[in-house]
Amino acid sequence: MNQNKKGIYVDNSATTPVLEEVWQAMLPYFKAIYGNPSSIHLQGACARKAVEESRERIAQCLNCHPDELFFTSGGTESNNLAVYGLAMASTHKNLLASRIEHPSVLNTMKAMEKFDFRTEYIAVDSLCEISKDSLLEKIRCSPALVAVMHANNETGVLQPVEMVAETVHEYGSLFFSDAVQAIGNTEVDLSKEVFDALSFSGHKIGGPKGIGALYVKRGTPIVPLIWGGGQERGLRSGTENIPGIVGLAAAVELATNKLAEIQSVKTLRNQLVSMMRTIPMSYFYGIADRIIPGLIHVCFDYVDGSDLVRYLNQNGIYASSSSACAAHSNEPSHVLLAMGIPYERARGSLRISINRNNTLDEIQYIAEKTKEAVGLIRNMNAEYRARFQ
Ligand code: PLP
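Residues numbered from 1 in each chain as written. Predicted model: local features only at pLDDT ≥ 70, side-chain atom pairs only at ≥ 80, totals over all residues. Heavy atoms only, no water.

Asker: Would you mind showing me how to read the sheet that holds strand β9 (residues 282–285) here?
Answerer: Whenever strands of a sheet pair, they do so through backbone hydrogen bonds, lying parallel or antiparallel. Pairing is antiparallel across the open sheet formed by 3 strands, whose spatial order is β9-β10-β12. Strands at the two margins of the open sheet, each flanked by one partner only, are β9 and β12 (349–353). With direction set aside, neighbouring strand axes in the sheet form an average angle of 25 degrees. As paired elements, β9 and strand β10 (residues 295–300) share 4 bridges and run antiparallel to each other. In the sheet register, Y283 faces β10, and the bridge partner there is C299. (Pairing = 2+ DSSP bridges. Helix = DSSP H or I, 4+ residues; strand = E, 2+ residues; numbered from the N terminus. Axes fitted to C-alpha atoms, helices over the stretch in contact; angles between N-to-C directions.)

Asker: Would you mind showing me how to read unusual backbone geometry here?
Answerer: Excluding glycine, residues mostly have negative phi values, and the peptide bonds linking residues are mostly trans. Although it is not a glycine, D116 adopts a positive phi angle of roughly 70 degrees. As for its placement among the helices and strands, D116 is situated in the loop between α5 (103–112) and β4 (118–122). Positioned with a positive phi, R233 is a non-glycine residue whose angle comes to about 50 degrees. Following the sequence through the fold, R233 ends up in the loop between β8 (212–216) and α8 (242–257).

Asker: Quick question: what am I supposed to make of the sheet that holds β4 here?
Answerer: Overall, mixed pairing links the 7 strands, which are arranged β2-β8-β7-β6-β5-β3-β4 in an open sheet. For this open sheet the edge positions go to β2 (69–72) and β4, each flanked by a neighbour on one side alone. Here the average twist between neighbouring strands, direction ignored, is 20 degrees. Two strands pair when backbone bridges link them, and strand β6 (residues 174–178) and strand β7 (residues 197–201) are joined in this way by 3 bridges, in the parallel orientation. Its bridge partner being in β7, D178 is matched across the sheet by S199. Against the sheet, helix α3 (residues 42–62) makes contact with β2 and β7, and its axis sits at roughly 120 degrees relative to β2, the strand it touches most. (Contact = heavy atoms within 4.5 Å.)

Printed below as a string of structure tokens:
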């Protein structure tokens, strides 16, 4: 265990380090092969080849056609493009999304109201799952688009995407899913025709930051969000990020090929949950087989999640309280509130996202330090002292 030197990184849902194989694959495209893929000389042709080969490799991993993939600057842009692009290409004026979407979907939904779209939101239950009833309750408005993420970034809960797709398609709407947290954690097979559009991002799977893609099923009408030189067949202008695209392809290949190895992460996660369950007044969310393998979301009564994260940080453990985007807000996460978790309890949340590099020694240390931190923080809480001491 080397927490004193580098720390123990258990915030893989926020981001991941670039894998060595990915880094090596990217290197030539910074200096040796630097052409603009739109140029017709040899340098340009080499860059174009890298882009198209990367597209083909990703298509093979996800079982789709290469021309269904559009490179973007990451999950946020892919989500913006999906919501805006599909909505603006439709004649319908209603949009539906789950209440637990990432802010890049929720805030785009809100922005669409300025273009006269009516937005509605699907509730989740206390396990953070969408039910058929909650979907049926809202879908009668005949929305242009229904956005339901594949895996939630705070609780890790996998949504019943097949059920959602079936219902959405029965009602003649399009189904878009944010799969940023799903790729590499669960099988994503685009040939099953569940999704009309699906987004993913490089830096959550051992690839670089600032690169992602949007899958759009052939024949699905969509308009661009960024205009310019017409790259990416007119849907996403801007000179292509060649090292990023090559890195994304390498990362998607590694993530999908190593899916079977994820069992070891599950085992480690379950061990950590058992160790942490001994902390009184701790509430774990998500049912083991219905969440992504490495994620633990727990709330502690009489604890402020940001105090807990700071204490762990001082002890060389890098975790987070709910999502990385909400880390600087004192407000509890919208996801936990949507699950009906009481406000005060939701403020005491901790998200630990481990990966296959974490060890049993590290897990034991995390459990020990979390227990210590919860005890110390509670002892400083006047309400806790008045009730329990
Ligand atoms: N969607 C989900 C579920 C995420 O977890 C994130 C990142 O936190 C994003 C979208 C945004 O992706 P990016 O950081 O690549 O913009």
